[in-house]
Amino acid sequence: MDGNGRWAKARGLPVYAGHRAGAEAVRRCVRAAIQHGVRYVTLYAFSSENWRREPQEIGDLTNLLRYYLRHKVTELHEQDVQLRVIGEVERFEPELREEMARAEALTLNNTRLTLVLALSYGGRADIVQAARRMAEAGQRGEIDLNAAGEADFSCYLLTGGMPDPDLVVRTSGEYRLSNFLLWQCAYAELAFLDVLWPDFTERHFAALLADFARRERRFGGR
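No experiment lies behind these values; they were computed from the predicted model shown.

**Looking at the pattern of salt bridges**
Right, so step 1: Enumeration over the complete set of coordinates arrives at 18 salt bridges.
Right, so step 2: Close ionic contact of R102 with E99 constitutes a salt bridge, the shortest N to O distance being 3.0 Å. Placement of the pair is R102 and E99 together in helix α5 (residues 94-106), with a separation of 3 residues, close to one helical turn.
Right, so step 3: The exposure class assigned to E99 is buried, which follows from its relative accessible area of 6%.
Right, so step 4: Each of the salt bridges in this network shares a partner with another, and the network as a whole consists of D2, R6, R170, E174 and R176.

Structure (structure tokens):
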């Protein structure tokens, strides 16, 4: 989800206004996913590199996240949406981590859509921590590392138990993955939009699905 700051700047608004508008785009995205029967949506909401931003913007983002976790999760629950958080959440303050845990617990048994928020997430760090966890499991005798394969390794990623993405969408005219789900996106289809994230609508979601349906996925075969 990219372009919140540019959206706000173009309107002479503070960056925080762009992040608020981006949060509303998330709600539209969730509604569209439910409408079209999509089972998993992962939103790259805050990368591990985003900690380098100005403290004021980081504070605005975390305050906005706290507000939505506290006041909008009930809406997700009523829509039968399960919320999952992946990333180095220990970098957030304890109060915010508690809000995340409460939201996950409330929506744990929902089945219509799994909404994954990648917070303080980095694809390379995810791979490194998975390798460590797998090595530790091998030391405990829980897995034969000599016989382990890709599927075994995937279980130790933060997305363990979830399917790999079929489609990765980057908004705002940027053409890069920016350290997002690097292992999981090995065979994902990619789509790049010139639309700033706060302007993303259900119409864009439907158009992306239509484009995806026209693609031929061979996974290295013929």
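**A short note on the sheet that holds strand β3 (residues 113-121)**
Right, so step 1: Across the sheet, which stays open at both edges, the 3 strands sit in the order β1-β3-β2 with parallel pairing between neighbours. Only two strands of the sheet have a single neighbouring strand rather than two, namely β1 (40-47) and β2 (81-86). For this sheet, the mean angle separating the axes of adjacent strands, direction not counted, is 20°.
Right, so step 2: Of the pairings in the sheet, the one linking β2 to β3 comprises 6 bridges and is parallel in character. Directly across from V85, in β3, lies its bridge partner L117.

**A short note on the layout of surface pockets**
Right, so step 1: A volume near 160 Å³ is recorded for the second largest pocket.
Right, so step 2: Lining of the second largest pocket is provided by G87, E88, E90, S120, Y121, G122, A125, D126, Q129 and L158.
Right, so step 3: Secondary-structure elements contributing two or more residues to the lining of the second largest pocket are β3 and α6 (123-139).
Right, so step 4: For the lining of the second largest pocket, the element with the most residues is α6, which contributes 3 residues.
Right, so step 5: When its residues are assigned to classes, the lining of the second largest pocket shows 3 nonpolar, 4 polar and 3 charged.

**Quick word on the pairing of strand β4 (residues 167-170)**
Right, so step 1: Judged by which residues are buried, β4 turns out to be one-sided: V168 and R170 face inward and are buried, whereas L167 and V169, on the alternate face, are not.
Right, so step 2: Sheet topology places β4 next to strand β5 (residues 189-192); 4 bridges connect them, and they run parallel. By the bridge assignment for β5, V168 is matched with L190.

**Focus on the environment of A207**
Right, so step 1: With respect to the helices and strands, A207 occurs in helix α8 (residues 202-214).
Right, so step 2: Residues A207 and R176, spaced 31 residues apart in sequence, show a C-alpha to C-alpha distance of 21 Å.

**Structural notes on the nonpolar core**
Buried together is how nonpolar side chains tend to be arranged in soluble globular proteins.
Right, so step 1: If you look at the biggest cluster of nonpolar residues, it comprises 33 residues, and the most contacted ones within it are V30, L69, M100, L115 and L119.
Right, so step 2: Contributions of two or more residues to this core are made by α2 (15-35), β1, α3 (55-71), α4 (73-78), β2, α5, β3 and α8.
Right, so step 3: The element contributing the most residues to this core is α2, with 7 residues.
Right, so step 4: Once residues lying within four places of it in the same chain are set aside, the contact partners of L115 are V30, V41, L43, L76, V81, Q82, L83 and R84.
Right, so step 5: By size, the runner-up hydrophobic cluster in this structure holds 11 residues, among which are V116, A118, M162 and V168.

**Structural notes on the side chain of D126**
Right, so step 1: Tracing the sequence through the fold places D126 in helix α6.
Right, so step 2: Of the side chains with opposite charge, R133 comes closest to the buried, unpaired D126, at an N-O distance of 6.6 Å.
Right, so step 3: Among the polar contacts listed, one links the side chain of D126 to the side chain of Q129, at a separation of 2.9 Å.
Right, so step 4: Excluding residues within four positions of it along the chain, D126 makes contact with Y121, L157, L158 and Q184.

**Things to note about the packing of α2 against α3**
Right, so step 1: At a minimum axis separation of 10 Å, α2 and α3 run at an interaxial angle of 35°. Judged by the twist between their axes, the crossing of α2 over α3 is right-handed. The segment α2 lies against α3, with V15, Y16, H19, R20, A23, E24 and R27 engaging E57, D60, L61, L64 and Y68.
Right, so step 2: Its residues assigned to classes, the contact of α2 with α3 comprises 6 nonpolar, 1 polar and 5 charged.

Thresholds, definitions, all that
Residues numbered from 1 in each chain as written. Predicted model: local features only at pLDDT ≥ 70, side-chain atom pairs only at ≥ 80, totals over all residues. Heavy atoms only, no water. Salt bridge = Lys/Arg side-chain N within 4 Å of Asp/Glu carboxyl O. Helix = DSSP H or I, 4+ residues; strand = E, 2+ residues; numbered from the N terminus. Buried < 20%, exposed > 50% of the residue type's maximum accessible area, 1.4 Å probe, protein only. Pairing = 2+ DSSP bridges. Axes fitted to C-alpha atoms, helices over the stretch in contact; angles between N-to-C directions. 1 Å grid on protein atoms, 1.4 Å probe; cavity = no way out; pocket = protein on both sides within 12 Å on 5 of 7 lines; lining within 4 Å. Points joined across faces, edges and corners; volume = space filled by probe spheres on them. Nonpolar A, V, L, I, M, F, W, Y, C, P; charged D, E, K, R; others polar. Core = buried A, V, L, I, M, F, W, Y, C linked by side-chain atoms within 4.5 Å. Contact = heavy atoms within 4.5 Å. Lys, Arg positive; Asp, Glu negative; His and termini not counted. Polar contact = N/O pair within 3.5 Å; in protein donor to acceptor, adjacent residues only side chain to side chain. Left-handed = near helix turned anticlockwise from the far one by under 90°.

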